[in-house]
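Analysis of the macromolecular model
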Amino acid sequence: MEFRQLQTFMIIAQTESFSKAAELLGYSQSAVTVQIRLLEKELDTRLFERMGRKIALTAQGQNLQIHAGRILEEMSQAEAEIRLEQELCSPLHVGVIESLFFTKLPPILGYFRQHYPKVSLKLTTGTPKELIEHMEYNQLDLIYILDRPRYNNRWSKEMEKKEDIVFVTNPKLAITQKQDLMVEDLLYNPFFLTEKNENYRKELDQFLESKDIILTPSLESSNTEFIIRMIIENGGISYLPYFAVEKSIKSGELAVLKVKDFQLSMYQQIFYHKSKWKTKEMEEFIRLAQMNRS
């Protein structure tokens, strides 16, 4: 008596149909019929009465249904307990850009620390270009970046989520009351920007160059949290991913400036190299990132 036969038997008993059971299980109807015939032969009894297109359990079938339900439930519980006992413990090395590091990783790291304390989790920050290069040379297990959509037949993409890049400022500034803003309207204010190697900063610089506009930031930093704090406390303008400033916007500490002539969206993306074995630790990190991507 096989687990598969008992499972098929239970589905047929519940649906009262060989064809419906086959559809639910992804088998052909003939395969389902063969399984039940073999089960009946092994038990030397008839499990179903076949009356035209209708079927019903025999007395022996009703008895087996009780015991089979218990067996399947026990096996399900055993499988769940075994999975829980398979504690994650292998090291995990993740590459991530700076803005995601501060906004998206804390809850993931907290979950790992609480549930998988034996996992040695190492984080490396860098630009998308740098992290992709590290991944290509097998120096990272997976990378978590913000960039234009990237594709490569050597990589496995595990997540892609659109993110708007926005101009933000202190809501107390008069410029927040103006409508139909253009980028040139912002240039009379101090700018606090990420460093030039950040991809969304590059996009802004390229746009300004196309308009023959020179922008000299008052401050450049790779630390987005520091930039946000500077704007909240000192005013000024920055250009950052919405997810990085969402909390401050909702609390009223920052305001989004709606600029007509320059809008940009990028994508949260997770990759690992296809030549790399996808470990359970990698799978769990990806699962948590997907849950936390909103």
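Computed from a prediction, not measured in an experiment: that's the story for all the values here. (Residues numbered from 1 in each chain as written. Predicted model: local features only at pLDDT ≥ 70, side-chain atom pairs only at ≥ 80, totals over all residues. Heavy atoms only, no water.)

What follows is about unusual backbone geometry. With glycine set apart, most residues show a phi of negative sign, and most peptide bonds adopt trans. Notably, Asp-44 is not glycine yet its phi reads approximately 55 degrees, a positive angle. Mapped onto the elements of the fold, Asp-44 is located in the loop between α3 (29–43) and β1 (48–51). In this structure Asp-44 comes out as exposed when scored by relative accessible area, which is 71%. Residue Asn-138 is not a glycine yet carries a positive backbone phi of 60 degrees. For Asn-138, the position within the fold is in the loop between α7 (128–136) and β5 (142–147). (Helix = DSSP H or I, 4+ residues; strand = E, 2+ residues; numbered from the N terminus. Buried < 20%, exposed > 50% of the residue type's maximum accessible area, 1.4 Å probe, protein only.)

Once that is clear, we can look at the nonpolar core. Counting residues in hydrophobic clusters, the biggest one holds 64 residues, and the most contacted among them are Tyr-144, Phe-167, Leu-186 and Phe-285. For this core, the element with the most residues is strand β6 (residues 155–169), which contributes 6 residues. Counting residues in each nonpolar core, the second largest holds 19 residues, with Ala-13, Ala-21, Ala-22 and Ile-36 among its members. (Core = buried A, V, L, I, M, F, W, Y, C linked by side-chain atoms within 4.5 Å.)

Within the structure shown, the criterion is met by 11 aromatic pairs. Considering the side-chain rings of Phe-18 and Phe-48, the 5.7 Å spacing of their centres and the 70 degrees angle between planes classify their relative orientation as edge-to-face. Here Phe-18 is found in helix α2 (residues 18–25), whereas its partner Phe-48 is found in strand β1, with 30 residues between them in sequence. Exposure remark for Phe-18: the relative accessible area of 10% places this residue in the buried category. (Phe/Tyr/Trp six-rings, centres within 6.5 Å; stacked < 30°, edge-to-face > 60°.)

Turning our attention to α3. Taking 1.5 Å as the rise per residue, α3 with 15 residues should run 21 Å; its terminal C-alpha atoms sit 21 Å apart, in good agreement. For α3, the set of buried residues is Val-32, Gln-35, Ile-36, Leu-39 and Glu-40. Projected onto a plane normal to the axis of α3, the buried residues spread over an arc of 130 degrees and lie on a single side. Residues Ser-30, Arg-37 and Lys-41 are exposed on α3 and point more than 90 degrees away from its buried face. Asp-44 lies just past α3 and shows a positive phi near 55 degrees. (Expected span 1.5 Å × (residues − 1). Arc of directions from axis to C-beta.)

Turning next to helix α10 (residues 224–234). All buried positions along α10 are accounted for by Thr-224, Ile-227, Ile-228, Ile-231 and Ile-232. Seen end-on, α10 carries its buried residues on one side only, within an arc spanning 135 degrees. When the buried face of α10 is taken as reference, the exposed residues oriented beyond 90 degrees from it are Glu-233 and Asn-234. Measuring from the backbone nitrogen of Glu-225 back to the side-chain oxygen at the start of α10 gives 3.0 Å, which picks out Asn-223 as the cap. (Polar contact = N/O pair within 3.5 Å; in protein donor to acceptor, adjacent residues only side chain to side chain.)

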